[in-house]
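# Descriptive analysis of the structure
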Amino acid sequence: MKKVFKRPESLTDKPMHYCPGCTHGIVHRLVAEALDELNIRQDTIGVAPVGCAVFAYDYFNCDMQEAAHGRAPAVATGIKRVHPDKVVFTYQGDGDLASIGAAEIVHAANRGEKITAIFINNAIYGMTGGQMAPTTLLDQVTATSPYGRKAETEGYPIRISEMLSTLEGAAYIERVSVHDIKHINHAKKAIRKAFEYQLQGRGFTMVEVLSTCPTNWGLTPLESLKWLKDNMIPYYPLGVKREVE
Amino acid sequence: MARVTFNEDLCKGCKLCVAVCPKKIVKIAEDRINNKGYHPATVEEMDKCIGCAFCAMMCPDVVIEVEK
Amino acid sequence: MKGNEAIAEAAIQAGCRYFFGYPITPQNEIPAYMAKRLPQVGGTFIQAESEISAINMVYGAAGAGARVMTSSSSPGISLKQEGISYIAGAELPCLIVNIVRGGPGLGGIQPAQSDYFQAVKGGGHGDYRLVVLAPSTIQEVVDLVQEGFDIADRYRNPVMILGDGMLGQMMEPVEFGKRKPAELPPKEWATAGWKGDRPRAVINSLFIDPQALEDHVKKIYKKYKAIRINETRAECFNCEDAEIIVAAYGTTARIVRSVIEIASKEGIKVGLIRPITLWPFPAETIRSWAEKDHVKAVLTVEMSMGQMAEDVTLAVGGRKPSLFYGRTGGMVPAPLEILAEIKKIREGALK
């Protein structure tokens, strides 16, 4: 018998701190597998965010920098300009990327920075205890939208991938999900493709991954997958939003 | 012939592997707890395993290795 | 050469190849010069979307092992404080130039020294220090830029050049390459791609375990102790038989030199202590002069409401009267104003 599935080399041995059933771990593994398959682990520099994935620098087995909240695309810009021959990626949640770091991601994309953003959208702030995110769905109850998010007072959930896809500097933007095996397999392909685009020097790339937050959604891990499928995908349609040939 | 191996101490008992197994052989070991304090996932009827690796792909904590 | 352009050219001569900035008056000549010059020497200039992004690009590039700088003016430096704290926490070397203008708030665009507290007392959050260099001539600007980069690299700490609009806009002849660059160890800690030939590089300022954070901060403070011992600098002029010693830095120190000249013609002996490093502060130099019998009082002159004056008073330690005279908001004190103040003090001291 031979091993057909094992821990990718691009992940360290450190046990991950995420809550049971949180899909951050799946996305970490997909990124690591893509780095392994492209044999670029030693030529990759990652940037960790602030939020649940703040310890990503402990998990990805490559050179890493930890950025201030929302600033990962600016930090990645600095790294990439110094090492244009290396692969540089950011790993950011929705509070980090879509709220406090909205300017940084827009302008990194617009400059066509040859970096890859892995954007985790779980419609909530996880680390700080389940507050409303820019991506929180209408009527979704969170710690800071206790009566449900209302468009009149909190505005509508932001579709970041669609927004960034209007920018000329963006070479590839796709929204994927990890709520079942089929979608996990596809998410992996998208992440790998984003890195390939970066290696080819095509421009800014981003993969938005719809993810779960069982703890702050108040659901079991399994219920969370269903909630994602039933509630998030209708508002955040999956698919390629921009691809420059 | 296939085999899955669980690194039980990494398991957080989220049961996503249980739900995704097409052969329904991944179970939660109610008789023991791991060093994180969870009942870990396990497979007893290993002969029924087809090595599809769905459990491993679904696992958020990279607990599972698959041989075929 | 204009002060702002001298800063930029000196940085290039010092091997800086990355500049990230955002427009703000009165430092715009620096990014403009860099935008033109850096591509000629294989470097990179980015006009960022904000000062916040610019300083975080500096963080990324410094962490990647590059010699890198940014420049701004007071309100822009306020925006950079988040990044500066992270840069200090992650022990990254870089040069930050602040061409100070009047504040608070949007303030004005005329020269001021009212960012002293922000520069030397922290500015951002947490236990950290910036090395703050205060040039007084354009030649010194050139020398301190080179030296600033070297100090930053040697101690892995951000260094700030604190100037003002007057210094930035002033023109004086300069000579480059007077100061030889330091011999520095390779940056093996930088994220430059990992071949397993060194420990995995992680640039980080997060230490969730309180003991680990205390240990980290104590390690940084050991460095600061070494900086205090090795890098504290001040110029003393005409202090030997001075009755009144004036403490002033940067542009104000230039004005005080004229005051000393006029005063000596009137038979008033005035000396100048000019801190070149505002942090580490040359407290020992000030203390040792304040102890001398011939010194009757110490006067701090600043273009602020009295910021460095607090450190001078601490250094004087009650040995002699420690007084302050300043103009602020972009107003520059004239030599005769300062002289009048000195005369008043002198009369009081002789009574």
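Scroll up for the structure.
Rules used in this analysis
- Residues numbered from 1 in each chain as written.
- Chains lettered and ligands numbered in written order.
- Predicted model: local features only at pLDDT ≥ 70, side-chain atom pairs only at ≥ 80, totals over all residues.
- Heavy atoms only, no water.
- Pairing = 2+ DSSP bridges.
- Helix = DSSP H or I, 4+ residues; strand = E, 2+ residues; numbered from the N terminus.
- Axes fitted to C-alpha atoms, helices over the stretch in contact; angles between N-to-C directions.
- Contact = heavy atoms within 4.5 Å.
- Buried < 20%, exposed > 50% of the residue type's maximum accessible area, 1.4 Å probe, protein only.
- Left-handed = near helix turned anticlockwise from the far one by under 90°.
- Nonpolar A, V, L, I, M, F, W, Y, C, P; charged D, E, K, R; others polar.
- Phe/Tyr/Trp six-rings, centres within 6.5 Å; stacked < 30°, edge-to-face > 60°.

## Points about the sheet that holds strand β13 (residues 322–326) of chain C
Residues and elements named next belong to chain C. With mixed pairing, five strands are arranged side by side in an open sheet as β8-β10-β9-β12-β13. Every other strand in the sheet has two partners, leaving β8 (234–237) and β13 as the edge strands with one partner each. Across the sheet, the mean angle separating the axes of adjacent strands is 20° when strand polarity is ignored. In this structure, β8 lies alongside strand β10 (residues 270–275), joined through four bridges in antiparallel fashion. Bridge pairing links F237 to L272 in β10. Running at roughly 165° to strand β12 (residues 297–302), helix α11 (residues 308–316) makes contact with β9 (244–247), β10, β12 and β13 of the sheet.

## Some points on helix α1 (residues 3–13) of chain C
All names here are of chain C. Counting buried positions over the 11 residues of α1 gives nine, a clear majority of the element. Along α1, the positions that sit buried rather than exposed are G3, N4, A6, I7, A8, E9, A10, A11 and I12. Buried-residue contacts for α1 involve α2 (29–40), β3 (68–72), β4 (94–100), α6 (138–155) and α7 (165–169). One or two residues past the end of α1 sits G15, with phi positive at roughly 95°.

## Some remarks on the packing of α6 of chain C against helix α8 (residues 210–231) of chain C
Residues and elements named next belong to chain C. Between α6 and α8, the shortest axis-to-axis distance is 11 Å and the interhelical angle comes to 145°. Relative to α8, the crossing made by α6 is right-handed. Across the interface between the two elements, I151, R154 and Y155 of α6 pack against K223, A226, I227, N230 and E231 of α8. Of the residues that constitute the contact of α6 with α8, the class distribution is four nonpolar, one polar and three charged.

## Remarks on the pairing of β3 of chain C
Residues and elements named next belong to chain C. Of all the five residues making up β3, five are buried; the element is thus mostly covered by neighbouring parts of the structure. Going residue by residue along β3, you find V68, T70 and S72 tucked away on one face and M69 and S71 tucked away on the opposite face as well. Here strand β1 (residues 18–21) runs beside β3; their pairing, made up of two bridges, is parallel. Bridge assignment links Y18 to a residue of β3, and that residue is V68. By the bridge criterion, four bridges tie β3 to β4 in an arrangement that is parallel.

## As for the environment of N110 of chain A
Residues and elements named next belong to chain A. Looking at where N110 falls in the secondary structure, it is placed in helix α5 (residues 102–110). Judged by its relative accessible area of 43%, N110 is partly exposed. Contact partners of N110, with chain neighbours within four places excluded, come to L167 and G169.

## Thoughts on the packing of aromatic side chains
Summed over all chains, the structure comprises 13 aromatic pairs over all chains. When the ring of F60 of chain A is compared with that of Y91 of chain A, the centres are 5.9 Å apart and the planes differ by 55°; the resulting orientation is tilted. Of this pair, F60 of chain A sits in the loop between α2 (56–59) and β3 (63–66) while Y91 of chain A is found in strand β4 (residues 87–93), placing the two residues 31 residues apart along the sequence. Here the two residues F60 of chain A and Y91 of chain A agree in accessibility, since each one is buried. Pairing Y224 of chain C with W279 of chain C gives two aromatic rings, centres 5.6 Å apart and planes at 75°, and the pair type is edge-to-face. Of this pair, Y224 of chain C sits in helix α8 while W279 of chain C sits in strand β11 (residues 277–279); the two residues are 55 residues apart in sequence, bridging distant segments of the chain. With a relative accessible area of 2%, Y224 of chain C lands in the buried category.

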